[in-house]
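Each chain, letter by letter, is given below.
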Protein chains: 2
Amino acid sequence: MASTAKKSKKEGSGGDISAGEDSGLSGKDIYNPETQKALEEIDSCQNDIDALNEKASEEILKVEQKYNQLRKPYFEKRNNIIKRIPNFWITAFINHPQISTILDEDEEECLHFLTKVEVEEFEDIKSGYKIAFHFDENPYFENKVLVKEFHLDSTGDPYSKSTAITWKDDMDLTAKKKSANLKGKQGRKRPFEPRSFFSWYLQEGDPSADDIAEIIKDDLWPNPLQYFLVPDIEVENGIEEE
Amino acid sequence: MASTAKKSKKEGSGGDISAGEDSGLSGKDIYNPETQKALEEIDSCQNDIDALNEKASEEILKVEQKYNQLRKPYFEKRNNIIKRIPNFWITAFINHPQISTILDEDEEECLHFLTKVEVEEFEDIKSGYKIAFHFDENPYFENKVLVKEFHLDSTGDPYSKSTAITWKDDMDLTAKKKSANLKGKQGRKRPFEPRSFFSWYLQEGDPSADDIAEIIKDDLWPNPLQYFLVPDIEVENGIEEE
């Protein structure tokens, strides 16, 4: 029940009132002078509260930045140990109740070459984060690393961009999927989950409904071991161990 | 896109592994010795990360507590100014898109006697908060203050409790409502909103779905002026000004 620092819904107070000389209400004569004066005093008090909220948000951001730095070496160490376990990430993906829903069969094959996942929040963590997928040499694409980044644009709206995938000849898993979809929705194992891992990865633009990215950042990445070890009971796919 | 401090989903790591002497996996022989060793190292590394997460949460809590204290005098000042404006709170309630939905007509009459609202998070803000409604002498009940508190019980589950209302003779607004409901759902102005302010207030037990309390704490209370000044276009009720 711990609350985060409160921010007022709108910058300043959201009404017709502005404290100071050109009060937006003074010309309207809706309120009597006593009420008018009280409203302006509330508005001024509200500005003081908003300033405190702003300072609270900044301090909390600093704490988060500090701990992101402190956690970093542990995440690196963890990634190095994980590399010693064959198929660690694909196993964790398959065992994860939400991530498993976007893996199609061909993609699972491909993701056996995934050796390292990294989530990194930008130094100014208000502005975003990136997820990097590192791959071994593989039959599907030339890239060694695929990076999906999440930013805020100049107006504060979120957007994402992804490193383009250099598919090897006839190995474009998303093309295959598109063509399968064209052939009357054949070839899909999960009729109610039309997404796939690589179509998620390549999807740019507005990420505000990107639950998969949030799940990777806030659930899988903080503790992947629990998903490697504990298969979700609803997962249909088996995975050969080692 | 600022993230809050991450906590692992389960205390420690959530798997079959426990670092140290009695590893839960050692008897199972599912993994080969190299993988087994790596898993134990990940588990140990995860414990270090969890400890950092715990410290981050504590520091953020301290910042929030500090700013709760710093905001307090401004909220008190604001409440004192608000008292000078007749019907401030009932007007803000009526103008609020969600709170307005639980006000029935008789209750609106009664809430004209509401002079002060206070939201206070407990010193250990993890454990909860309270909302106090202060009333002038009124024809409905004897209480000067009605307090609804939100706590966590010893197992961490949320619950709420409310000061009992000492209704004056034949003035129990909830009884009236009950009897109206018994008479074939007569007397309700909003057929799809069966709740009322006082039935919300008196509802104890599990508050996890208590959106009204959250709205008062996180939306109305941080900036009530905006709701006093800006009527929501969907509000049906008119309110006589002063």
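This section reports on the structure supplied with the text. (Residues numbered from 1 in each chain as written. Chains lettered and ligands numbered in written order. Predicted model: local features only at pLDDT ≥ 70, side-chain atom pairs only at ≥ 80, totals over all residues. Heavy atoms only, no water.)

1. A few points about the packing of aromatic side chains
Residues and elements named next belong to chain A. Taken as a whole and judged by the stated rule, the model has 32 aromatic pairs over all chains. On the basis of an interplanar angle of 45 degrees and a centroid distance of 4.8 Å, the ring pair of F75 and W221 is categorised as tilted. Remark: W221 occurs in the loop between α6 (211-220) and α7 (225-229) and F75 occurs in helix α1 (residues 33-82); sequence separation between them is 146 residues. Neither F75 nor W221 differs from the other in exposure class; each is buried. Between F88 and W89, the ring centres sit 5.3 Å apart and the planes meet at 80 degrees, which makes this aromatic pair edge-to-face. (Phe/Tyr/Trp six-rings, centres within 6.5 Å; stacked < 30°, edge-to-face > 60°. Helix = DSSP H or I, 4+ residues; strand = E, 2+ residues; numbered from the N terminus. Buried < 20%, exposed > 50% of the residue type's maximum accessible area, 1.4 Å probe, protein only.)

2. A word on the packing of α1(A) against helix α1 (residues 33-82) of chain B
Two elements in contact, α1(A) and α1(B), have axes separated by 10 Å at closest approach and are oriented at 175 degrees. Of the possible angle classes, the one that applies to α1(A) and α1(B) is roughly antiparallel. Grouping the amino acids of the contact of α1(A) with α1(B) by side-chain chemistry returns 28 nonpolar, 4 polar and 18 charged. (Axes fitted to C-alpha atoms, helices over the stretch in contact; angles between N-to-C directions. Parallel < 35°, antiparallel > 145°, perpendicular 65-115°, else oblique. Nonpolar A, V, L, I, M, F, W, Y, C, P; charged D, E, K, R; others polar.)

3. Here we look at the sheet that holds strand β4 (residues 158-162) of chain B
Residues and elements named next belong to chain B. Reading across from one edge, β1-β2-β3-β4 is the order of the 4 strands in this open sheet, with antiparallel pairing throughout. The open sheet is flanked by β1 (114-121) and β4, the only strands paired with a single partner. With direction set aside, neighbouring strand axes in the sheet form an average angle of 10 degrees. Bridge count between strand β3 (residues 145-152) and β4: 5 bridges; the pairing is antiparallel. Looking across to β4, one finds that H151 is bridged to Y159. Where helix α2 (residues 88-95) meets the sheet, it contacts β1 and β2 (128-135), and its direction lies at approximately 70 degrees from that of β1. Packing of helix α6 (residues 211-220) onto the sheet brings it into contact with β1, β2 and β3, and relative to β2 it is tilted by some 85 degrees. (Pairing = 2+ DSSP bridges. Contact = heavy atoms within 4.5 Å.)

4. Structural notes on the environment of V63(B)
Structurally, the position occupied by V63(B) is in helix α1. The contacts of V63(B), once residues within four sequence positions are left out, are A56(A), E59(A), I60(A) and V63(A).

5. What to know about the pattern of salt bridges
Residue and element names in this part refer to chain B. Under the definition given, this model contains 14 salt bridges over all chains. Between E41 and K37 there is a salt bridge whose closest N-O contact spans 2.7 Å. Placement of the pair is E41 and K37 together in helix α1, with a separation of 4 residues, close to one helical turn. According to the relative accessible area criterion, E41 is partly exposed, its value standing at 25%. (Salt bridge = Lys/Arg side-chain N within 4 Å of Asp/Glu carboxyl O.)

6. Points about the sheet that holds strand β4 (residues 158-162) of chain A
Residues and elements named next belong to chain A. Strand order in the open sheet made by the 4 strands is β1-β2-β3-β4, with antiparallel pairing throughout. Unpaired on one side and paired on the other, β1 (114-121) and β4 mark the two borders of the sheet. Pairs of neighbouring strands in the sheet enclose a mean axial angle of 10 degrees, with direction left out of account. Sheet analysis places strand β2 (residues 128-135) next to strand β3 (residues 145-152), joined by 7 bridges and oriented antiparallel. The partner of A132 across the bridge, within β3, is V147.

7. Remarks on the side chain of K116(A)
Residue and element names in this part refer to chain A. Assignment of secondary structure puts K116 in strand β1. Judged by its relative accessible area of 17%, K116 falls in the buried class. If we skip the residues at most four places from it in the chain, K116 touches N79, K83, W89, A132, F133 and H134.

8. A short note on helix α2 (residues 88-95) of chain A
Of all 8 residues in α2(A), 8 are buried, a share of seventy percent or more. When α2(A) is considered as a whole, its buried residues turn out to be F88(A), W89(A), I90(A), T91(A), A92(A), F93(A), I94(A) and N95(A).

9. Observations regarding the pairing of β2(B)
If a strand is regular, its side chains alternate between the two faces of the sheet. All names here are of chain B. In terms of burial, β2 is a largely internal element, 7 of the 8 residues being buried. Across 7 bridges, β1 lies against β2 in antiparallel orientation. Counterpart to E118 in the pairing with β2 is A132.

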